[in-house]
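A structural walkthrough
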Protein chains: 4
Amino acid sequence: MVRTALMGCGRIGRMHADNLAAHPGTSLAGVFDVHRPSAEAVAARHGVPVYPDADAVFAAAEVDAILIASVTETHADYLEKAVLAGKPVFCEKPIDLSLSRVDRCAQAIAGRPAVIQLGFNRRFDPGHRAAWKAVREGEIGDLHQVLITSRDPAMPPRSYYESAGGMLRDMTIHDFDLARYFLGEEPVEVFAIAGRRIDPPMMDEIDDHDTAMIVLRTASGRQCHINNIRQSRYGYDQRVECVGAEGMLVSENRRPHELRRFGGRATEAGQPYLDFFIERYAEAFMAELTEFASAVGESRQPEVGFEDGRRALVLAEAAYRSIAEGRMVRVDEIG
Amino acid sequence: MVRTALMGCGRIGRMHADNLAAHPGTSLAGVFDVHRPSAEAVAARHGVPVYPDADAVFAAAEVDAILIASVTETHADYLEKAVLAGKPVFCEKPIDLSLSRVDRCAQAIAGRPAVIQLGFNRRFDPGHRAAWKAVREGEIGDLHQVLITSRDPAMPPRSYYESAGGMLRDMTIHDFDLARYFLGEEPVEVFAIAGRRIDPPMMDEIDDHDTAMIVLRTASGRQCHINNIRQSRYGYDQRVECVGAEGMLVSENRRPHELRRFGGRATEAGQPYLDFFIERYAEAFMAELTEFASAVGESRQPEVGFEDGRRALVLAEAAYRSIAEGRMVRVDEIG
Amino acid sequence: MVRTALMGCGRIGRMHADNLAAHPGTSLAGVFDVHRPSAEAVAARHGVPVYPDADAVFAAAEVDAILIASVTETHADYLEKAVLAGKPVFCEKPIDLSLSRVDRCAQAIAGRPAVIQLGFNRRFDPGHRAAWKAVREGEIGDLHQVLITSRDPAMPPRSYYESAGGMLRDMTIHDFDLARYFLGEEPVEVFAIAGRRIDPPMMDEIDDHDTAMIVLRTASGRQCHINNIRQSRYGYDQRVECVGAEGMLVSENRRPHELRRFGGRATEAGQPYLDFFIERYAEAFMAELTEFASAVGESRQPEVGFEDGRRALVLAEAAYRSIAEGRMVRVDEIG
Amino acid sequence: MVRTALMGCGRIGRMHADNLAAHPGTSLAGVFDVHRPSAEAVAARHGVPVYPDADAVFAAAEVDAILIASVTETHADYLEKAVLAGKPVFCEKPIDLSLSRVDRCAQAIAGRPAVIQLGFNRRFDPGHRAAWKAVREGEIGDLHQVLITSRDPAMPPRSYYESAGGMLRDMTIHDFDLARYFLGEEPVEVFAIAGRRIDPPMMDEIDDHDTAMIVLRTASGRQCHINNIRQSRYGYDQRVECVGAEGMLVSENRRPHELRRFGGRATEAGQPYLDFFIERYAEAFMAELTEFASAVGESRQPEVGFEDGRRALVLAEAAYRSIAEGRMVRVDEIG
């Protein structure tokens, strides 16, 4: 049992608290949030202590590991402190919105033998993982193309956008990680376009995008397409398609159940998709804890670590440069 | 080229005329209908002669074969005459609504070396046939259960019912034939229930049914379920499911194309099914002509012949007795 | 929190223990099993006491309710004792394999205001329930036919059969309950055939069946078909199809995830189905506890109670008489 | 009946000959091919004359219209001659592989009131067209993204490649046309990558590609992705996906029938897709003749004309420049 303290008791933090408590390999050791009532509510629900400040968490003897689910701008600080305190750390994505801050974080923890896992949960989705495993086992031969469709069901509130750091750093970053995961090679080139189609006035005002298409290419020539929309209306659309020399694998969307309707206007009409990420990736959020508990227990690096967090951010930066310059950007131009 | 004369120029006759003209192995030699304008319309469309009466067809030297698509009460007479005239005959189902008339017909043609094919077209549907072939080739091991779903899209007009001879002789007879085809053994017992649910007053008045469920069992114990509804509202539902020791095969419904709709209330909603039999079984109607032309060319019995027509009717009679007596009826009680 | 004691710590008991502990409306108060090591294992896992004998459970003040998951022959005894002790009871199906024992149980508890829920979990499956709700809300108009397909993935061990009480009382009983649930009316007639096709020698020896087809009819003429196979090979097949005046609803099978494979021989090939009932009906097993906790809290009858357990058994008895006599059996011939 | 002469009696020409003969609005007037035995075979099959040379076709009084299905380098010449002879012309894609030749052709026929249809048959596929119609009717609101997947089942022979003019001019050109058709606006920017993954040595030798991804953007910001592979192994993959403000429409692949297989390793495994274009787009090839016959009858421009052929080629040229320069290319840089 990895006794894990939780930093941050917002929506995703509360979910992690429940998962840490329910998971057979972890327990919830205590919680912290700068907004103390949020911390107290989670603590009360699970019968665990509230830490008075962040430093108390890193110092606590009964805390084996730290799970960082606080606001993005605290991630890098907490991550550094956890590592310096010698505690394994699970950090929600992104490490930081600024690549230079990520690089300083890397320097700060360099040489420290730390267990660091990034919260790229989608790698742990049963369908995506089964597809990945089939690719790795050669079921479709040499991999040629990967297509990732990732569309949110509905626009988040404006306040969300204002702190999210831009669509490609916030939403697409998951897809950049999936792209790296499935391609099995580093993308070396990035091309992107992005638009303002769902709510153009707001997007203009906050200088963000709601619709994007991205192309990646690896050194060996594997091709990857990502498409994103902030509001699909028909649900949370999460698909991965891999095509290789011998066939295709598709990790399809999921529904809460399989009722199908047949009437005069439509046949086999299915339920709306599982909506939203907490429901769609419920198994993935638990499975990533399994990996974390196992990595902590074995003092090894988790499957998805600090460098994965950094590289996804590098791809986002390359994509932004591509948008600005209308050209294919070499990833090594960024970092 | 089997030069084939057509008896009966109603809806199904007109379809057969087009098929005989288009099929590479057949041609339309001429037509006859007691309603002469119907015959003339078909004849004009295809540039073929109208015969003045039925006997002229059987006597015509340029007629290699006869296709009977006239009203049911003429089938047995025409079939006898065709056989006595030494001409191969393709006869729409049923041979007759009366089993005793069918038996007299059998006696009348006994000993005559005749090519006779019955119009049980569904055996020739590409999906049903691929399922049947897979069963025969042992893909699912020993066959245990067959489930046949057969539902019409909408109620035919009252006039149709009045001459159809009862739902089980008219509609279910196709399913009885499919049951025999898939089971690979003769059913030896029949149980049936039938109801009046779509239009009870009309069904009461004409003493017919619009909804039925049937159970068949073969000597070796294979089980078969048939369900029928005269009006599904969601299209022409035509499915066959075979379960065996090693798996299942399902011949599913077909749509005119594969547009799928995704919106806030439904995902993957498909088109309504192909509706009705002329569209759904278009390929089957052509494929049965291929079998007929080939059987004529090789002077052999077609895959589906007179005795198949008779046995399907025997099953319908057994089912009617089961409905009347509320018990499993042995098929050999009927004939 | 309904503090619930568990009787019986076998496979299904262990699952219920986990569910009682995890469910927000219940807690596991303690356990009992005649095989004390089994009880101790469950008790240790959840940190709860082991009761020394069954009576200690019924007497325990800290026990608000009883969940009976012990061997079938103890169900009726425990149920009576729980009711006499004034404790709400959740009883796994069946109440007993003998209808007369069930009736004596009913007499023993008559007049006692008891909360009794039967473990017909399938009613609580999200897909089945959504179908049922749509039927009740009139989405497909007047209901005409219900088709229930229920096939186990693989043969249980012989020891299971020897105590199961016959396929129709053990396996089909769930489908009889679903039939009543969906039909919305009591079946008044039953017809059944059953065979020995998967393992005929063993079935002969223990006088049981492994393959069945059943027809039910309600007073208003609604029709229902059930088919069962003890070994499908392709997974746990659990489908419900409802056809009415305006359309069809199908609660389809579920897979652990939605990976689809495309290769030279097959397209869109899905994963094997969720296998077996503990996985397939995981949500249903939790949802039935929600209903139980709610009924206990509101001192009301649960949605599925003692009489539902009895009526499903009556249908099984009617089906066995139908098999023996080859005829439609009126349900009121049985009880 | 539009009496239509066929230029070119290769594979696609023979198909057009059959279609012209079978279509109710057209007839086959005669044929020409520089390889006379090919012309004679088609002529014999349909009982029509062989013209001694191309000019004889344009001069023939009994020829109402011309269908050009000869080798690509003859298209523009024949098209000019047909127009100058005052005959409506149906021309297989492309008009020419060289944009400057296409422009000279345009000048040559400028001012002549000609009916010219290009063979972009996919617009006439029932599924694609139903999707397009739904988009146009506003079913998914404002259109945001179009995704076109277009993969051939298997590599054509090397000789095919050598005369095809490059993957983007030969294969992708259909997708460029579909992109314009669905987007409802002209693409103003093109980005493309292309690779050599299926058969790198041959692709190097003939300087062609077998795998591509393309991004298009319209003036209003609609985004389009196209992906191509020359050899999928799992069949001819032809999908169009349209996402808008209110939902998604997908025109899915089609199979020859709907047999589904269920076994221990896979469930719901479908048939391989219809393979290849003559089978997959059989209805589309007939439907484009309906449009042609109708346009000729009404002396109007067909839905897809000369300028559509030119614009698809312009997009291919822009894509090649993008590949060469690694940047987004403005379409007006090309022409």
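Look a little higher up for the structure.
Opposite the 43 residues of chain D that make contact, chain A presents 43 residues. Buried area between chain D and chain A, both sides added, is near 3300 Å², and the carbon and sulfur share of it is 57%. Looking only at chain D, the three residues that lose the most surface to chain A are I193(D), R197(D) and M213(D), adding up to 21% of its buried area. Run the count over chain D and chain A and you get eight salt bridges. Residue E246(D) pairs with R233(A) through a salt bridge whose shortest N-O separation is 3.6 Å. Listing elements by their share of the side of chain D that touches chain A, those giving two or more residues are strand 6 (143-151), strand 7 (187-195), strand 8 (211-218), strand 9 (223-229), strand 10 (237-244) and strand 11 (247-251) of chain D.

What follows is about the interface of chain B and chain A. When the parts come together, some accessible area is lost, and that loss is often what is quoted as the size of the interface. The partner chain A presents 16 residues to the 16 residues of chain B that form the contact. Interface area, chain B with chain A, both sides summed: about 1200 Å², of which 49% is carbon and sulfur. Counting across the interface, chain B meets chain A through four salt bridges. Between E268(B) and R260(A) there is a salt bridge, with the nearest N and O atoms lying 3.4 Å from each other. Residues of the side of chain B that touches chain A, tallied by class, amount to six nonpolar, five polar and five charged.

Residues and elements named next belong to chain A. Burial analysis of strand 11 (residues 247-251) places five of its five residues in the buried class, the great majority of the element. The side-chain alternation of strand 11 yields two buried faces, one formed by G247, L249 and S251 and the other by M248 and V250. Sheet topology note: the strand 10 (residues 237-244)/strand 11 ladder contains five bridges and is antiparallel. Along strand 11, the bridge assignment pairs C242 with L249. Connecting the antiparallel pair strand 10 and strand 11 is a turn made up of two residues.

For the rest of this paragraph, the subject is the packing of helix 9 (residues 172-183) of chain B against helix 13 (residues 306-325) of chain B. Residues and elements named next belong to chain B. In the contact formed by helix 9 and helix 13, the axes pass within 9 Å of each other and the chain directions differ by 115°. One element, helix 9, and the other, helix 13, form an angle in the roughly perpendicular class. The interaxial crossing formed by helix 9 with helix 13 has right-handed handedness. On the side of helix 9, the interface is formed by I173, F176, D177 and R180, while helix 13 contributes D308, R311, A312, L313, L315, A316 and A319. In terms of residue class, the contact of helix 9 with helix 13 is built from seven nonpolar, no polar and four charged.

About the thresholds
- Residues numbered from 1 in each chain as written.
- Chains lettered and ligands numbered in written order.
- Predicted model: local features only at pLDDT ≥ 70, side-chain atom pairs only at ≥ 80, totals over all residues.
- Heavy atoms only, no water.
- Contact = heavy atoms within 4.5 Å.
- Buried area = accessible area lost by both parts, 1.4 Å probe.
- Salt bridge = Lys/Arg side-chain N within 4 Å of Asp/Glu carboxyl O.
- Helix = DSSP H or I, 4+ residues; strand = E, 2+ residues; numbered from the N terminus.
- Nonpolar A, V, L, I, M, F, W, Y, C, P; charged D, E, K, R; others polar.
- Buried < 20%, exposed > 50% of the residue type's maximum accessible area, 1.4 Å probe, protein only.
- Pairing = 2+ DSSP bridges.
- Axes fitted to C-alpha atoms, helices over the stretch in contact; angles between N-to-C directions.
- Parallel < 35°, antiparallel > 145°, perpendicular 65-115°, else oblique.
- Left-handed = near helix turned anticlockwise from the far one by under 90°.

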